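Spelled out, the chains give:
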Amino acid sequence: VQLVESGGGLVQAGGSLRLSCAASGRSFSRVTMGWFRQAPGKEREFVAVLWRSTGNTYYSDSVKGRFTISRDNLKSELYLQMNNLKPEDTGVYYCAADPTIIFSSIFDSRQYDYWGQGTQVTVSS
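Predicted model only: the values in this text are computed from it and were never measured.

**Student:** Is there a simple way to think about the nonpolar core in this case?
**Tutor:** Here is a general trend for soluble globular proteins: nonpolar side chains tend to be buried in one another's company. Residues Met33, Trp35, Leu80 and Met82 are the most contacted members of the largest nonpolar core, which totals 27 residues. Of all the secondary-structure elements, those providing two or more residues to this core are β3 (17–24), β4 (32–38), β5 (45–50), β7 (67–72), β8 (77–82), β9 (91–98) and β11 (119–124). At 4 residues, the largest contribution of residues to this core is made by β3. Other than its neighbours up to four places away in sequence, Met33 contacts Leu3, Cys21, Phe28, Val49, Leu50, Ile69, Arg71, Leu78, Cys95, Ala96 and Ala97. Counting residues in hydrophobic clusters, the runner-up holds 8 residues, among them Phe36, Phe46, Ala96 and Tyr112.

**Student:** In this structure, what is going on with the packing of aromatic side chains? I would like to understand it.
**Tutor:** Pairs of aromatic rings are described using the distance from one ring centre to the other and the angle between the two planes. Inspection of every chain in the model, using the stated rule, returns 10 aromatic pairs. Taking the centre distance of 6.2 Å and the plane angle of 65° together, the rings of Tyr112 and Trp115 count as edge-to-face. Residue classification places Tyr112 among the buried positions, given a relative accessible area of 4%. Joined through ring pairs, the aromatic side chains of Phe36, Phe46, Trp51, Tyr58, Tyr94, Phe103, Phe107, Tyr112 and Trp115 make up one cluster. Just above the ring of Tyr94 sits the side chain of Arg44; from NZ or CZ to the centre is 3.7 Å. The ring centre of Trp115 lies 4.6 Å from the NZ or CZ of Arg44, which sits over that ring.

**Student:** Sorry, what's going on with the environment of Phe103 here?
**Tutor:** Assignment of secondary structure puts Phe103 in the loop between β9 and β10 (114–115). The residues touching Phe103, leaving out its near neighbours within four places in the chain, are Trp51 and Tyr58.

**Student:** For this particular structure, what's the right way to read the pairing of β8?
**Tutor:** Across 6 bridges, β3 lies against β8 in antiparallel orientation. If you follow Leu19 over to β8, its bridge partner there is Leu80. In this structure, β7 lies alongside β8, joined through 6 bridges in antiparallel fashion. From the neighbouring strand, Asp72 faces β8, where its bridge partner is Glu77. A loop of 4 residues connects β7 with β8, the two strands running antiparallel in sequence, and Ser76 in this loop sits at a positive phi of about 55°.

Rules of the game
- Throughout, a residue's number is its position along its own chain's written sequence, starting from 1.
- Under the rules for a predicted model, residues below a pLDDT of 70 receive no local features and side-chain atom pairs below 80 are neither given nor counted, while totals for whole chains, interfaces and linings still include all residues.
- Remark: hydrogens and water are excluded; side-chain values derive from all non-hydrogen atoms of the structure.
- Side-chain atoms within 4.5 Å are what join buried Ala, Val, Leu, Ile, Met, Phe, Trp, Tyr and Cys residues into a set we call a nonpolar core.
- The buried label goes to any residue with under 20% of its type's maximum accessible area, the exposed label to any with over 50%, and the partly exposed label to all in between, with areas taken from a 1.4 Å probe on protein chains only.
- In DSSP terms, a helix is any run of H or I states spanning at least four residues, a strand is any run of E spanning at least two, and both are numbered starting from the N terminus.
- Only heavy atoms enter the contact rule, under which two residues are in contact if any of them lie within 4.5 Å.
- Between the rings of Phe, Tyr and Trp (Trp by its six-membered ring), a pair exists once the centres lie within 6.5 Å; its type follows the angle of the planes, with under 30 degrees stacked, over 60 edge-to-face, and the other angles tilted.
- Cation placement over rings: the criterion is NZ of Lys or CZ of Arg within 6 Å of the ring centroid and within 35° of the ring normal.
- Should DSSP find at least two bridges between two strands, the strands are regarded as paired.

Have a look at this one:
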């Protein structure tokens, strides 16, 4: 699976951005897809995931109610709509995918086999 993110940028606090992740190389609808982020000097952290078996979505507490993960299987694209952005949302956002990951591991970045190159999101106060 090859992943390419886009849509990052600089935005003021309270603003919105929509990230996209274009996937290729495997049946997209059968792959668990997620978003992770990494701020300078910090570890990569879970943001949101779309579980392949049920289509259910899960979010970190810090973004719940502000971010929405979705996918378009016809286009093989994953999205992250980010609203009411805060300065603490700043970081590099990565798209991740894995066709065989088990449910108990979907929040752990170390368990994903495929990653995009990342896209920078900067939120100014």
